[in-house]
2 protein chains.
Amino acid sequence: MKIGRLSELTRLSIDTLRYYERLGLIDPPFRKGGQRLYDPDAVRWIEFLKALKATGMSLEDMKRYALMRARGHGTAANRRVMLENQHAKVLSRIAELSACATLLEYKIANYHDIEASHELADKTRHAK
Amino acid sequence: MKIGRLSELTRLSIDTLRYYERLGLIDPPFRKGGQRLYDPDAVRWIEFLKALKATGMSLEDMKRYALMRARGHGTAANRRVMLENQHAKVLSRIAELSACATLLEYKIANYHDIEASHELADKTRHAK
DNA sequence: GCTTGACCTGGACCGTACTCCAGCTCGTAG
DNA sequence: CTACGAGCTGGAGTACGGTCCAGGTCAAGC
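Since the structure is predicted, the reported quantities are computational estimates derived from the model, not experimental observations.

In terms of helices and strands, chain A carries five helices and two strands. The order of α-helices and β-strands along chain A, N terminus first, is α-α-β-β-α-α-α. Scaling as 2.2 N^0.38, a compact globule of 128 residues should have a C-alpha radius of gyration of about 14 Å, whereas chain A reaches 25 Å, well beyond that. Each principal axis of the C-alpha atoms in chain A carries an extent, and together these give about 85 × 35 × 20 Å. Evaluated residue by residue, chain A yields a buried proportion of 35% over its 128 residues. Taking the intrachain contacts of chain A between residues at least 6 apart in sequence as the baseline, contacts between residues at least 24 apart amount to 49%.

To continue, consider the domain arrangement of chain A. Residues and elements named next belong to chain A. The domain architecture assigned to chain A consists of domain 1 (1-57) and domain 2 (72-128). Averaged C-alpha coordinates put domain 1 and domain 2 at centres separated by 33 Å. In this assembly, five residues from domain 1 lie in contact with four residues from domain 2. For the domain 1 and domain 2 pair, buried surface summed over both sides reaches about 330 Å², with 76% attributable to carbon and sulfur atoms.

Attention now goes to the interface of chain A and chain B. At the junction of the two partners, chain A supplies 33 residues and chain B supplies 33 residues. Where chain A touches chain B, the interface holds two salt bridges. A salt bridge links B:Glu115 to A:Arg80, with the nearest nitrogen and oxygen atoms 2.6 Å apart. Scanning the region where chain A abuts chain B turns up ten residue pairs in polar contact (both at pLDDT 80 or more). Within the residue set of the side of chain A that touches chain B, elements represented by two or more residues are helix 3 (41-54) and helix 5 (76-127) of chain A. Here the side of chain A that touches chain B gets 26 residues from one element, more than from any other, and that element is helix 5 of chain A. Split into classes, the residues belonging to the side of chain A that touches chain B amount to 18 nonpolar, seven polar and eight charged.

This next bit is on the state of the cysteines. The final tally for this structure, using the stated rule, is zero disulfides over all chains. Note on B:Cys100: no disulfide assigned, nearest cysteine sulfur contributed by A:Cys100 at a separation of 18 Å. Taking the relative accessible area as the measure of exposure, B:Cys100 reaches 8% and is therefore buried.

Using the residue numbers shown here, the UniProt feature "domain: HTH merR-type" (unreviewed entry) corresponds to residues 1-68 of chain A. As annotated, residues 1-68 of chain A has a helix share of 62% and a strand share of 9%, and its two end C-alpha atoms lie 26 Å apart.

Further remarks concern the environment of B:Arg80. Locating B:Arg80 in the fold gives a position in helix 5 (residues 76-127). The spacing of B:Arg80 and B:Leu6 is 74 residues in sequence and 28 Å in space, taken between C-alpha atoms. The contact partners of B:Arg80, leaving out residues within four places of it in the chain, are A:Ile108, A:Tyr111, A:His112 and A:Glu115. In this structure the side chain of B:Arg80 is engaged in a polar contact, spanning 2.5 Å, whose partner is the side chain of A:Glu115.

Right, let's talk about the protein's contact with DNA strand C for a bit. Around DNA strand C there are 19 residues in total, and A:Arg18, A:Arg31, A:Arg36, B:Tyr20 and B:Lys53 lie nearest to it. Counting only atoms of DNA strand C within 4 Å of the protein, the fraction found in sugar and phosphate groups is 81%. Residue A:Arg18 places a side-chain N or O atom 2.6 Å away from a phosphate oxygen belonging to DNA strand C. In the environment of DNA strand C, a phosphate oxygen lies 3.3 Å from a nitrogen or oxygen atom belonging to the backbone of B:Lys32. Among the elements of the structure, helix 1 (3-10), helix 2 (14-23) and strand 2 (35-37) of chain A together with helix 2 (14-23) of chain B are those that each provide at least two residues to the surface near DNA strand C. It is helix 2 of chain B that provides the largest number of residues to the surface near DNA strand C, a total of four residues.

Each value, and the rule that gives it
- Per chain, residues are indexed from 1 in the order of the written sequence.
- For naming, the first written chain is A and the first written ligand is 1, with later ones following in the order written.
- Reporting in this predicted model follows two pLDDT cut-offs: at least 70 for local features of residues, and 80 or more for side-chain atom pairs to be given and counted; totals over whole chains, interfaces and linings ignore these cut-offs and use all residues.
- With hydrogens and water excluded, all non-hydrogen atoms of the structure serve as input to the side-chain values.
- Where helices and strands are cited, they refer to DSSP runs of H or I of at least four residues and of E of at least two residues respectively, numbered from the N terminus.
- Our radius of gyration looks at C-alpha atoms and nothing else; its globule reference is 2.2 Å times the residue count to the power 0.38.
- Throughout, exposure labels follow a simple rule: accessible area from a 1.4 Å probe, protein chains only, divided by the maximum for the residue type, with under 20% read as buried, over 50% as exposed, and the rest as partly exposed.
- Any two residues whose heavy atoms approach within 4.5 Å at even a single point are treated as in contact.
- What marks off one domain from the next here is an automatic or database domain assignment.
- Two parts placed together each lose some accessible area under a 1.4 Å probe, and the buried area is that loss summed for both.
- Basic side-chain nitrogens of Lys or Arg form a salt bridge, by our definition, when they fall within 4 Å of a carboxyl oxygen of Asp or Glu.
- Here a polar contact means two N or O atoms within 3.5 Å. Within protein one must be a hydrogen donor candidate and the other an acceptor candidate, and residues neighboring in sequence count only if both atoms are side-chain atoms.
- Residues are grouped as follows: Ala, Val, Leu, Ile, Met, Phe, Trp, Tyr, Cys and Pro are nonpolar; Asp, Glu, Lys and Arg are charged; all remaining types, including Gly, are polar.
- Cysteine sulfur atoms are paired as a disulfide whenever they come within 2.5 Å of each other.
- UniProt positions are given in the numbering used here, feature names are shortened, and annotations may be inferred rather than shown by experiment.
- Definition of nearness: a residue and a molecule or strand are near each other if at least one heavy atom of the residue lies within 4 Å of the molecule or strand.

Following this line, the structure appears as structure tokens:
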């Protein structure tokens, strides 16, 4: 498939796909008359990159992962360790966000109280 | 307190504190001979800003919140809505991260399998 | 065979959130 | 009263992750 199609399937812009290729995140595909022709497997790999990115991994780290992957099975243990570290980061980020959610709930409840007491004050004033 | 002390208490750099002031996130404090002198309450406000930031809110949105806060109780309902929106974003981000965590767990388990089968292959080869 | 839309490259530019710096002033300890 | 560490300003610089553009090439349909 050509880059336009890959862009549709992955919902990454054409510019971003080429940018990722330059960074070394995506293997340079075969070319036909200068145009990139991707293997359908590229979609699966890019979806995985998107998942890594969603975990908060930097493009730099994703590049290191991609490089190891390209070097084959000898790097499997190192790749696993990277994923384990990232997994730990995701869990702690979830914990952080949960704490923030709780704080927001508390603040929101507070605003409800404030608004209720202002409404009450308005009604009282109106009744006078 | 002076800015150095505030920086220690909030674990934000002095430059960041002045930057936030320029952006309008922090009220310009009183000055004594040109030097900023902060009220202890500033610490609480900055901790709240840090929590908003941890939720993924942009400095721009935090500025809008700070502006409304400065305008007083008439903006309470709007501020509550902002917090409610942010709360929704946090929950969906937690859901996204949870899905990523599951994917990572799956991948990591996969690597364990791969490593185990390679070890087995090595042992077999050794036994020959 | 020609048009036209998709694709190509290299490099400039962008937004966000800081971070650093030069050159200056302030204030407190000795 | 002086030294020096902390603070001041305005502006430049940085890192990250893209995004856009000019000027050119390719290929598929008519």
